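Examination of the molecular architecture
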Amino acid sequence: MKNGSKQLSFSLLLVAIGFGFIFVLSNHVEKSRPPLPENYEDQDLALEGARLKNYSLGFNGLMADWYWMQSLQYIGNKLIKNPEENINLENLRPLNPRLLYPFLDTATTLDPRFQAAYSYGAIVLPAIDPQQAIQITEKGIANNPQEWRLHQYLGYIYWRLKNYEKAAEVYGQGSQIPGSPPFLKMMAAQMKSAGGSRQTARVLYDQMLFEAQDSQTREIAELRLKQLDSLEERDAVRLVLQEFKTKQGRCPNNLSEIFPLLRSVRLPNNKDFRIDKANNLVDPTDVPYLLNKQTCEMILDTAKTKIPPQ
């Protein structure tokens, strides 16, 4: 028992020393960084992962975790400080998140098997720099050739770029890895036949939500699935509005006028329209839809909803 206690104490001491080392190193980096212009919001990384490995004294994993946590906080802080209420998930470049890739690249250089860092880069980086997203994921594949999930992430990136042929190729390669699920083979075929369909998008985001390892990826997947629900709702209401206009010779005064017609409408996946206590037809984020009487279309309230317009 005494030997076991000594070993445990020694292990805890090593962990404490490791975190202390990271703290000292980060303080040194902070103090030695040259001054930057006042309007320069982000701070450059002073050390690259390859150089850090030479000074980590065997604590590569701990340092990789630190850079990983920094990458999560970095984007989170950007979103909090963003003055705009609505953020276009297809384009995060206005947030100027130029250090996300260096953070992730450093983390995965220190720990080449850091799957969470690769997946986060594959999900978030396409909205910042698609080539960086491809680069970090291909780095993961090179370092982890038997990890089929990395092919899944790379296929997702090419799907977002609407390069369905390349996406099908990547999914097909992943499906050949021992232990890979039938999902990859199914997606390889789906890319060839219906890569741009909403159903394909729903399958991808359902899978992303199921495998999410961080809150930001989970939120992106959930919001994208709500966006798909909203698109289907707007398509269905568009047909009902056309029917109403044909029969009545006018656009309805408000959306509640078409509620009787909506009772016979069946949305995909057996979902129902949502009506709030104020008798408003609401989108999947519970924000009331608006009626554009000039075009006689139901539209998103872009000033209030979190759903991306496209």
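Below you will find a few notes about this structure. (Residues numbered from 1 in each chain as written. Predicted model: local features only at pLDDT ≥ 70, side-chain atom pairs only at ≥ 80, totals over all residues. Heavy atoms only, no water.)

Side note on the environment of Asn163
Note that Asn163 resides in the loop between helix 7 (148-160) and helix 8 (164-175). Given the relative accessible area of 33%, Asn163 is considered partly exposed. Separated by 28 residues in the primary sequence, Asn163 and Met191 have C-alpha atoms spaced 9.1 Å apart. (Helix = DSSP H or I, 4+ residues; strand = E, 2+ residues; numbered from the N terminus. Buried < 20%, exposed > 50% of the residue type's maximum accessible area, 1.4 Å probe, protein only.)

Overview of the packing of aromatic side chains
Aromatic rings in a pair are described by how distant their centres are and how their planes are angled relative to each other. Applying the stated criterion to the full structure yields 8 aromatic pairs. A centroid spacing of 4.8 Å and a plane angle of 90° characterise the contact between Trp66 and Tyr67, whose relative ring orientation is edge-to-face. What makes Trp66 partly exposed here is its relative accessible area of 27%. Site record: aromatic cluster; members linked through ring pairs are Trp66, Tyr67, Tyr74 and Phe103. (Phe/Tyr/Trp six-rings, centres within 6.5 Å; stacked < 30°, edge-to-face > 60°.)

Points about the pattern of salt bridges
The full count for this structure, using the stated rule, is 12 salt bridges. Between Arg202 and Asp229 there is a salt bridge; the shortest N-O distance is 3.0 Å. Of this pair, Arg202 sits in helix 10 (residues 198-211) while Asp229 sits in helix 11 (residues 215-248), and the two are 27 residues apart along the sequence. Under the relative-accessibility criterion, Asp229 is labelled buried at 11%. Taking the shortest distance from any N to any O, the salt bridge between Lys247 and Glu243 comes out at 3.1 Å. Placement of the pair is Lys247 and Glu243 together in helix 11, with a separation of 4 residues, close to one helical turn. (Salt bridge = Lys/Arg side-chain N within 4 Å of Asp/Glu carboxyl O.)

Observations regarding unusual backbone geometry
Positive phi outside glycine occurs at Asn270, with the angle close to 60°. Among the secondary structure elements, Asn270 is positioned in the loop between helix 12 (259-262) and strand 1 (274-275). In this structure, Asn279 takes a positive phi of about 65° despite not being glycine. Structurally, Asn279 is set in the loop between strand 1 and strand 2 (281-282). For Asn279, a relative accessible area of 43% corresponds to the partly exposed category.

Some details on the nonpolar core
Core analysis: the largest hydrophobic core is formed by 56 residues, its most contacted members being Leu100 and Tyr171. Broken down by element, this core gets its largest block of residues, 8 residues, from helix 7. Beyond its immediate chain neighbours, meaning those up to four positions away, Tyr171 contacts Gln152, Gly155, Tyr156, Leu184, Met187, Ala188, Met191 and Leu204. Residues Ala236, Leu241, Val265 and Ile307 belong to the second largest nonpolar core, which totals 21 residues. (Core = buried A, V, L, I, M, F, W, Y, C linked by side-chain atoms within 4.5 Å. Contact = heavy atoms within 4.5 Å.)

Points about helix 11
In a regular helix each residue adds 1.5 Å, so 34 residues correspond to 50 Å; helix 11 covers 48 Å between its end C-alpha atoms and thus fits that length. For helix 11, the N-terminal capping position is held by Asp214, with its side-chain oxygen 3.2 Å away from the main-chain nitrogen of Gln216. Immediately downstream of helix 11, the backbone of Gly249 shows phi near 75°, a positive value. (Expected span 1.5 Å × (residues − 1). Polar contact = N/O pair within 3.5 Å; in protein donor to acceptor, adjacent residues only side chain to side chain.)

A word on the environment of Arg93
Structurally, Arg93 is set in the loop between helix 3 (60-81) and helix 4 (100-110). C-alpha of Arg93 to C-alpha of Ala127: the two residues are 34 residues apart in sequence and 7.1 Å apart in space. In contact with Arg93, not counting residues within four places along its chain, are Ala127 and Ile128. Within the local environment of Arg93, its side chain forms a polar contact with the backbone oxygen of Ile128, the two atoms lying 3.3 Å apart.

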